[in-house]
Amino acid sequence: MCGIAGVLDLAGLRMVPEGIVQRMAQALVHRGPDEEGYLQRPGLALASRRLSIVGLADGQQPVANEDRSVFVVFNGELFDYLEKHAELTSRGHRLVTHCDTEIIPHMWEENQEGMFERLRGQFAVALWDVRRHQLTLGRDRFGICPLYWTRQGDWLLFASEIKGLLASGMVPAKPDLRGIDHMFTFTAMPGPITCFEGVQLLPAGHYLQITPGNEGGAAPVINERTYWEMDFPDEGDEDPGADQRKLVDEFEQVLLKAVEMRLRADVPVGAYLSGGLDSSMIVAMACKLKGPAINTYTIRVDDPALDELSAASLSARHIGAKPPIVQEFRASDALETYPRLIQAAEAPVIDTSCAALLQLAQRVHACG
């Protein structure tokens, strides 16, 4: 998890006022405690807060291509970056880091907007194309990594969290009753509406292109486009597969490959384990690929009807993994954690099990 933020002058080439993008980045320091980076030039300021997962020594952002005509700040992980790195190098691109972020400006050189269809991973990306004088914001297919934006007069601001926008001092904190209604109707915030007036969530599988205006009178242009949508066959057109055993084997290989790619990291890898089907299957595949040394983490709830420890321990023994590291969770913890939970979610939280997940994440962090 990293954090990105930025400010763009929609009217021309005014310098972003001093200290604004730095305050936005500071509001996201919990997302990226390892280092910060900035790009500032007339009409534009970009910021990055980095949590180092791959390319620990040389993955500083913003990252540029060889001639510095494309700059990128990036939150997320690209799972096939090693393969993409090799492909780009074979086609003459010069990459100088070991970080997944660097493949983005080079893929933009080759594919421009078509790049998003080729990115495999979870991401929120901001890309400045110097020649086009254009900012592009993009989000992964399932919206794993968040990205918010707002227009305030002749300024456009974006950030990984709404608190980054508010920290600019340019975005008023006003409630949007439509967003609050969505939360209590759907128990989710699908977007683009949020609980804050004027702040939009960039939808999953979309990118936003912003071309500023100029002194000659050209108005700024903001276009939102879809690059991916989930699709299903019509009823009656499903293909169940002629050979069920072959279908199961192929599905297993797809899952194993997906888990293998997500195990790539220059830091220790761990896994949540509840004892349920999903987490147990993922941990089993991770142990098959990486060995049984992976740390697993689970929650012990003081209500026996909700406690997951016995199932998680049974799964760990069956898989051959180490016993789970346990985070205790009491009913009082839900109340005590709730204010911090809302601060993190930036919306009302209906499912209080998220309080337990917040404490579990803190335990993982404490374990290094």
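Predicted model, so just to flag it, every value in this text is computed and none were measured.

Conventions used here
- Residues numbered from 1 in each chain as written.
- Predicted model: local features only at pLDDT ≥ 70, side-chain atom pairs only at ≥ 80, totals over all residues.
- Heavy atoms only, no water.
- Phe/Tyr/Trp six-rings, centres within 6.5 Å; stacked < 30°, edge-to-face > 60°.
- Buried < 20%, exposed > 50% of the residue type's maximum accessible area, 1.4 Å probe, protein only.
- Axes fitted to C-alpha atoms, helices over the stretch in contact; angles between N-to-C directions.
- Helix = DSSP H or I, 4+ residues; strand = E, 2+ residues; numbered from the N terminus.
- Parallel < 35°, antiparallel > 145°, perpendicular 65-115°, else oblique.
- Contact = heavy atoms within 4.5 Å.
- Nonpolar A, V, L, I, M, F, W, Y, C, P; charged D, E, K, R; others polar.
- Core = buried A, V, L, I, M, F, W, Y, C linked by side-chain atoms within 4.5 Å.
- Patch = residues over 30% accessible without salt bridge, like charges linked within 9 Å, V, L, I, M, F, W, Y side chains within 5 Å.
- Areas by Shrake-Rupley, 256 points an atom, 1.4 Å probe, with all protein chains shown as cover.
- Salt bridge = Lys/Arg side-chain N within 4 Å of Asp/Glu carboxyl O.
- Lys, Arg positive; Asp, Glu negative; His and termini not counted.
- Charge placed at Lys NZ, Arg CZ, Asp CG, Glu CD.
- Pairing = 2+ DSSP bridges.

Trainee: Describe the packing of aromatic side chains, listing the residues and the values that go with them.
Mentor: Tallying each qualifying case throughout the model produces four aromatic pairs. Arranged with centres 6.4 Å apart and planes meeting at 25°, the rings of F116 and F123 form a pair that is stacked. We classify F116 as buried; its relative accessible area is 1%.

Trainee: Explain the packing of helix 7 (residues 244-262) against helix 8 (residues 277-290) to me, and be specific about the residues and the numbers.
Mentor: The N-to-C vectors of helix 7 and helix 8 enclose an angle of 70°; their axes lie 9 Å apart at closest approach. Put simply, helix 7 runs roughly perpendicular to helix 8. Of the residues in helix 8, those in contact with L255, L256, V259 and E260 of helix 7 are M281, I282, M285, A286, K288 and L289. Residues belonging to the contact of helix 7 with helix 8 are distributed by class as follows: eight nonpolar, no polar and two charged.

Trainee: Hey, could you go over the nonpolar core for me, with residue numbers and the actual values?
Mentor: Core analysis: the largest hydrophobic core is formed by 24 residues, its most contacted members being V7, M24, L157, L165 and V199. Of all elements in the fold, only strand 1 (3-9), helix 1 (20-26), strand 3 (44-50), strand 9 (155-159), helix 5 (162-166) and strand 10 (199-201) reach the threshold of two or more residues within this core. Setting aside anything within four residues of it in sequence, one finds L157 in contact with G6, V7, M24, Y148, W149, T150, Q152, L165, S168, M170 and V171. If you look at the next biggest cluster of nonpolar residues, it comprises 22 residues, including A64, F71, V73 and L137.

Trainee: So what's going on with a negative patch on the surface? Which residues, and what values?
Mentor: Together, E229, D231, D234, E235, D237 and E238 line one region of the surface with negative charge. Along the polypeptide, D234 turns up in the loop between strand 12 (221-226) and helix 7.

Trainee: Break down the pattern of salt bridges for me, citing the residues and quoting the values.
Mentor: In total, this model carries 16 salt bridges according to the counting rule given. Of the charged contacts in the structure, one is a salt bridge between R300 and E328, with a shortest N-O distance of 3.0 Å. Note that R300 is positioned in strand 14 (residues 295-301) and E328 in strand 15 (residues 325-329), a separation of 28 residues in sequence. A relative accessible area of 34% means that R300 is categorised as partly exposed. Among the ionic contacts, a cluster of salt bridges with common partners joins R31, E161, K163 and E346.

Trainee: An account of the sheet that holds strand 7 (residues 134-139) is needed here, citing residue identities and associated values.
Mentor: Strands pair in a sheet through their backbones, by hydrogen bonds, and they do so in one of two ways: parallel or antiparallel. Taken together, the six strands give an open sheet; going across it, the order is 4-5-6-7-11-12, and neighbouring strands pair in antiparallel fashion. Of all the strands in the sheet, just strand 4 (63-64) and strand 12 have a single pairing partner and so form its edges. Its contacts with the sheet place helix 3 (residues 103-111) against strand 4, strand 5 (70-78), strand 6 (121-129), strand 7 and strand 11 (206-211), and it is angled at close to 120° to strand 5.

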